[in-house]
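Here's the letter readout for the chains.
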Amino acid sequence: MSLIVKDLHAGIEGTEIVRGLSLEVPKGEVHAIMGPNGSGKSTLSKVIAGHEDYVVTSGSVTLDGVNLLELAVDERARAGVFLAFQYPADVPGVSNANFIRAALQARMPKGEELDAVAYYKELYARMDQLGMDRKFTARSVNEGFSGGEKKRNEILQMMMLDPKYCVLDETDSGLDIDALKVVAEGVNSMRSPERGFLIITHYQRLLDYIQPDHVHVLAGGKIVRSGGKELALELEERGYDFLKEEHLTTA
Amino acid sequence: MTAILEQMSILERKPESLAGVPEWFSESRAEGWRQFLELPMPARKNEKWRFASLGNLQFEGVMVPPEAKGEGHYGAKGLEVRAARFGFVNDTLVESESHVPEGVICMPLRQALEEHSELVREHFMRQETTLGSAKFSALHRANVSTGMFIHVPAGVVVEDPIEVFHWLEGENVVAFPHTLVVVGENAKVSVVDYFQSDSKVKGSWAIAVNDLAAAEGAQLTYLALQDLCEEARMIQVNNTVVGKDATAKAFILNAGASWARQESLSRLAGTGSHSDMLSVSIGREGQEYDQRTFQHHASPHSYSDLLYKNTLYDKSRTVFSGVILVDKEAHYTDAYQTCRNLMMSGEAEANSMPGLEINADQVKCSHGSTSSSIADGELFYLEARGIPPREARQLIAQGFSVEVISRLGNEALEALVLSFASREFDRLVGMGN
């Protein structure tokens, strides 16, 4: 049981950005993808989630054997993939509580209603865990939230929706160290043999708090190196410049 | 136009006289009829009817129906906690329930004409209709036979809302709902007018007038929930006068009718007066909402804030024309006006005409109008959480309206409006939007 990306080629507006990317994230493992700007990190996350602006020209993405590329965005999410956004959208006038509730309701069999009492109990417990004030239940989704509040809100949704595979797109960007720790603890609490993580990041910093099982380096739209968590430290020390020497990229 | 006029019953037939009303009221009706005959029908070249679909002014065969019989059968349940509840079917009183505080007059206009004739006379249709529908105000004045008279004496607070149901029944009928609310110094009241109908009201009309007056320090909240069946049409003329340090909040919901035109004038008559003008319209199919507003700042340190939001599906259409006028005495005025359209279909149409005339100093004014569709990024975000596209669009559209609804600042009233809006959005999802 894995999230498998095989020889993926994808791009936007006729420009190929991901060029033959292959990756397997088995359940129970945390994989980190690191890479310089423009290497295709965000494109990969958008393609997995199904953003319509990104066109897949060849290759496949499967989730426990299900071909994700044949599913609509919402179907992919219900199949068990969760994308924590780098820049989560504001949804004016829709309260956080109603938003998450609608997402959970969409996962219920037709005709069944979500148990509201149990829902709020769970929601409050998770918010407490993330140090989120109760006022965030009634506030409009992400509207007027600080960068850190938005990222916590992403992790809150991730916890509530209980996905099989979590893709975190630059979740550490714009976070101070305290928020980073809270977010990392949230992710760590969700680690389980039943769940896989793909953590996309530019910096090694987040990986101090979320220990990856594997680290991959993305450059020019494909994985150019894979290794253990020590690879992240090496990148931190040497920067991405070594890529230019070792792998001539077109990124 | 003359040829058509001759076929329009209500427009050519002098209203029958009413028995048992004060002489001044009979004279007022006769004067209304004279004015009606004198005033011209709206024409395309008239600026106040710019962009209007004048073809909607169809009155062929439209008549004042005979008195309705039996009990009211309203579409809305209304509020659980209320100070009073009155129901009219085609202007015939069918239900009354009232437990307002002592001293408050809350009764059908007809009864008030008997018991409080001079008080009614003092306030009845004292505001000139200036935003285009003077002819229809005159028609209303000529025909009005009842309605609600609500008078709250100084210092009295009516905690729970007063509800008035106006139900339209039958084809080619016309009703003239009238709501007159007078709030004394430091008094407080909220009133909800419901305009609804059964589904067989082809060609029928509601021509309503609402006059609202808030004296010094008073707090007045007024809601008009327009939820007529799609075959009915409506004109509503709403005049509000806000006294010194008084607050008036007026909210209009458009969820029904094939065509509805609302003219709302708020006159900030006293220093420190405050007026909120709010509206939510949800249009679908060929529905059209035509709204004309006027924020008249006649005193210094007055504040008005208008927020109208329209969500337009299918081939629905809106016209918004808003004017802010600041008199030369009205220094330190704050006046804001915003009209936003959420376009849910490429075929929907929104027309906006904001206007501003400032004659005073130290004034803060802004007006703006926008039309946009749901941002792709927003929709993607909801879908990426597993919410199907239709539900996602519905949530976003409803959220768009919520910003206005939440400005009511009253939980029960917000929930009431939201129940109408949600029902409408649910229906739209069911229709495949």
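Scroll up to find the structure.
Definitions and limits used
- Residues numbered from 1 in each chain as written.
- Chains lettered and ligands numbered in written order.
- Predicted model: local features only at pLDDT ≥ 70, side-chain atom pairs only at ≥ 80, totals over all residues.
- Heavy atoms only, no water.
- Helix = DSSP H or I, 4+ residues; strand = E, 2+ residues; numbered from the N terminus.
- Rg over C-alpha atoms; globule rule 2.2 N^0.38 Å.
- Areas by Shrake-Rupley, 256 points an atom, 1.4 Å probe, with all protein chains shown as cover.
- Phe/Tyr/Trp six-rings, centres within 6.5 Å; stacked < 30°, edge-to-face > 60°.
- Buried < 20%, exposed > 50% of the residue type's maximum accessible area, 1.4 Å probe, protein only.
- Lys NZ or Arg CZ within 6 Å of the ring centre and 35° of its normal.
- Core = buried A, V, L, I, M, F, W, Y, C linked by side-chain atoms within 4.5 Å.
- Contact = heavy atoms within 4.5 Å.
- Disulfide = S-S within 2.5 Å.
- Pairing = 2+ DSSP bridges.
- Axes fitted to C-alpha atoms, helices over the stretch in contact; angles between N-to-C directions.
- 1 Å grid on protein atoms, 1.4 Å probe; cavity = no way out; pocket = protein on both sides within 12 Å on 5 of 7 lines; lining within 4 Å.
- Points joined across faces, edges and corners; volume = space filled by probe spheres on them.
- Nonpolar A, V, L, I, M, F, W, Y, C, P; charged D, E, K, R; others polar.
- Salt bridge = Lys/Arg side-chain N within 4 Å of Asp/Glu carboxyl O.
- Buried area = accessible area lost by both parts, 1.4 Å probe.
- Polar contact = N/O pair within 3.5 Å; in protein donor to acceptor, adjacent residues only side chain to side chain.
- Lys, Arg positive; Asp, Glu negative; His and termini not counted.

K.L.:
I'm lost on the overall build of chain A in this one. Help?
P.N.:
Looking only at helices and strands, chain A has 9 helices and 12 strands in total. A compact globule built from 251 residues would reach a C-alpha radius of gyration of about 18 Å, and chain A, at 18 Å, matches this within 12%. Of the roughly 11,000 Å² of accessible surface on chain A, 48% is carried by carbon and sulfur atoms.

K.L.:
Explain the packing of aromatic side chains to me, please; I cannot follow it from the model alone.
P.N.:
Each aromatic ring pair is summarised here by two numbers: the centre-to-centre distance and the angle between the ring planes. Residues and elements named next belong to chain B. Across all of its chains, the model carries 19 aromatic pairs over all chains by this definition. For the ring pair Phe59 and Trp205, a centre distance of 4.4 Å and an interplane angle of 15 degrees mean the geometry is stacked. Taken as a pair, Phe59 in the loop between α3 (23-38) and β1 (84-89) and Trp205 in strand β9 (residues 205-214) lie far apart in primary sequence, 146 residues in all. Both residues of the pair, Phe59 and Trp205, count as buried. Among the aromatic residues, those joined into a ring-pair cluster are Trp49, Phe59, Phe136, Trp205 and Trp259. In this structure, Lys135 packs its charged tip against the face of Phe36, placed 4.0 Å from the ring centre.

K.L.:
What am I meant to see in unusual backbone geometry here?
P.N.:
What is expected of a backbone is that most residues other than glycine have negative phi and most peptide bonds are trans. All names here are of chain B. In the Ramachandran plot, Asp245 falls in the positive-phi region, its phi being about 55 degrees despite a non-glycine side chain. By relative accessible area, Asp245 is classed as partly exposed at 45%. The backbone of Glu285 shows a phi angle near 45 degrees, a positive value even though the residue is not glycine. In this fold, Glu285 is placed in the loop between β14 (274-283) and β15 (288-297).

K.L.:
Any chance you could explain the nonpolar core here in plain terms?
P.N.:
The nonpolar side chains of soluble globular proteins are, as a tendency, buried together. The biggest cluster of nonpolar side chains holds 117 residues, and the ones touching the most others in it are Met158(A), Leu168(A), Phe197(A), Leu225(B), Phe251(B) and Leu382(B). When sequence neighbours within four positions are dropped, the list of residues in contact with Leu382(B) reads Val91(A), Phe99(A), Ile387(B), Ala392(B), Leu395(B) and Ile396(B). Core analysis: the next-biggest nonpolar cluster, separate from the first, contains 48 residues, Cys106(B), Leu212(B), Met234(B) and Ile252(B) among them.

K.L.:
Mind showing me how you'd approach the state of the cysteines here?
P.N.:
The term disulfide refers to a covalent linkage connecting the sulfur atoms of a pair of cysteines. Residue and element names in this part refer to chain B. Applying the stated criterion across every chain yields a total of 0 disulfides over all chains. Cysteine Cys365 remains unbridged, with the sulfur of Cys339 as its closest cysteine sulfur at 17 Å. Judged by its relative accessible area of 23%, Cys365 falls in the partly exposed class.

K.L.:
Looking at this structure, I do not really get the environment of Leu418(B). What am I missing?
P.N.:
Residues and elements named next belong to chain B. In this structure, Leu418 sits in helix α9 (residues 411-430). Among the residues examined, Leu418 registers a relative accessible area of 29% and is labelled partly exposed. Along the primary structure Leu418 and Gly322 are separated by 96 residues, whereas in three dimensions their C-alpha atoms are 25 Å apart. Once you skip the residues sitting within four places of it in the chain, Leu418 turns out to touch Gln398, Val402 and Ile405.

K.L.:
Is there a simple way to think about the sheet that holds strand β2 (residues 92-98) of chain B in this case?
P.N.:
By way of backbone hydrogen bonds, the strands of a sheet pair with one another, either parallel or antiparallel. Residues and elements named next belong to chain B. Read across the sheet, 10 strands follow the order β2-β1-β5-β8-β10-β12-β14-β16-β18-β20 without closing on themselves; strand pairing throughout is mixed. Edge positions in the sheet fall to β2 and β20 (364-372), since each has one partner strand and no second. Across the sheet, the mean angle separating the axes of adjacent strands is 5 degrees when strand polarity is ignored. The sheet strands contacting helix α8 (residues 389-405) are β12 (247-254), β14, β16 (303-312) and β18 (334-343), and the helix crosses β16 at an angle near 160 degrees.

K.L.:
Honestly, empty space enclosed by the protein in this entry has me stumped. Any pointers?
P.N.:
Space left empty within the atom packing is revealed by a probe, the size of a water molecule, rolled over the atoms. All names here are of chain B. Evaluated as defined, the whole model comprises 6 cavities of 30 Å³ or more. Of the volumes computed, that of the largest cavity is approximately 60 Å³. In terms of lining, the largest cavity is formed by 14 residues, of which the most central are Thr240, Ala250, Ser266, Ser275 and Asp276. Every element with two or more residues in the lining of the largest cavity is listed here: β10 (219-227), β11 (233-242), β12, β13 (259-268) and β14. Considered class by class, the residues forming the lining of the largest cavity number 7 nonpolar, 5 polar and 2 charged. There is about 50 Å³ of room inside the second largest cavity. Within the residue set of the lining of the second largest cavity, elements represented by two or more residues are β5 (162-168) and β8 (188-197). When residues of the lining of the second largest cavity are assigned to their parent elements, the largest contribution, 3 residues, is made by β5.

K.L.:
Even after reading the chapter, I still don't get the pattern of salt bridges, so can you show me in this structure?
P.N.:
Opposite charge on two side chains permits them to pair, given that their charged atoms come into close proximity. Residue and element names in this part refer to chain B. A full pass over the atoms with the stated rule returns 36 salt bridges over all chains. Arg50 is paired through a salt bridge with Glu47; the nearest N and O atoms lie 4.0 Å apart. Between Arg85 and Glu95 there is a salt bridge, and its shortest N-O distance comes to 3.1 Å. In this pair, Arg85 sits in strand β1 while Glu95 sits in strand β2, placing the two residues 10 residues apart along the sequence.

K.L.:
What should I look at first to understand the interface of chain A and chain B in this one?
P.N.:
Many descriptions give the size of an interface as the accessible area lost when the pieces come together. Taken together, the contact pairs 29 residues of chain A with 17 residues of chain B. Roughly 1,800 Å² of surface becomes buried between chain A and chain B when both sides are summed, with 70% attributable to carbon and sulfur atoms. Considering only the side of chain A, the residues that lose the most area to chain B are Asp74(A), Phe85(A) and Phe99(A), jointly responsible for 25% of the buried surface there. For the pair chain A and chain B, the interface holds 1 salt bridge. Taking the shortest distance from any N to any O, the salt bridge between Glu154(A) and Arg385(B) comes out at 2.7 Å. Counting every contact that joins chain A to chain B gives 8 residue pairs in polar contact (both at pLDDT 80 or more). Taken together, the residues of the side of chain A that touches chain B break down into 18 nonpolar, 5 polar and 6 charged.

K.L.:
How should I be thinking about the side chain of Glu378(B) in this particular structure?
P.N.:
On the secondary structure map, Glu378(B) appears in helix α7 (residues 376-383). Notably, Glu378(B) is buried but unbridged: the nearest opposite-charge side chain belongs to Lys309(B), and the N-O separation is 9.8 Å. What Glu378(B) contacts, discounting residues up to four positions off in sequence, is Ala89(A), Asp90(A), Val91(A), Pro92(A) and Ile396(B).

K.L.:
How should I be thinking about the layout of surface pockets in this particular structure?
P.N.:
For the largest pocket, the calculated volume is near 910 Å³. What lines the largest pocket is a set of 28 residues, and nearest its centre among them are Asn98(A), Ala102(A), Glu391(B), Gln394(B) and Leu395(B). Elements with a minimum of two residues in the lining of the largest pocket: β7 (91-95) and α3 (96-105) of chain A together with α8 and α9 of chain B. Per element, the largest residue contribution to the lining of the largest pocket is 6 residues, and it comes from α8(B). Class assignment of the residues belonging to the lining of the largest pocket gives a composition of 12 nonpolar, 10 polar and 6 charged. In this model, the second largest pocket occupies a volume close to 700 Å³.

K.L.:
Just to check I follow, could you spell out the sheet that holds strand β12 (residues 222-227) of chain A for this structure?
P.N.:
Residues and elements named next belong to chain A. One open sheet accounts for 6 strands, arranged β6-β9-β10-β3-β11-β12; its pairing is mixed. In the strand order of this sheet, the two ends are held by β6 (81-84) and β12, each with one partner. Going from strand to strand, the sheet's axes swing by 20 degrees on average, the running direction of each strand aside. Judged from the 5 bridges that link them, strand β9 (residues 165-169) and strand β10 (residues 196-201) form a sheet pairing that is parallel. Bridging from a neighbouring strand, Asp169 pairs with Ile200 of β10. The strands touched by helix α8 (residues 230-238) are β3 (30-34), β11 (214-219) and β12; relative to β12, the strand with the most contacts, the crossing angle is about 115 degrees.

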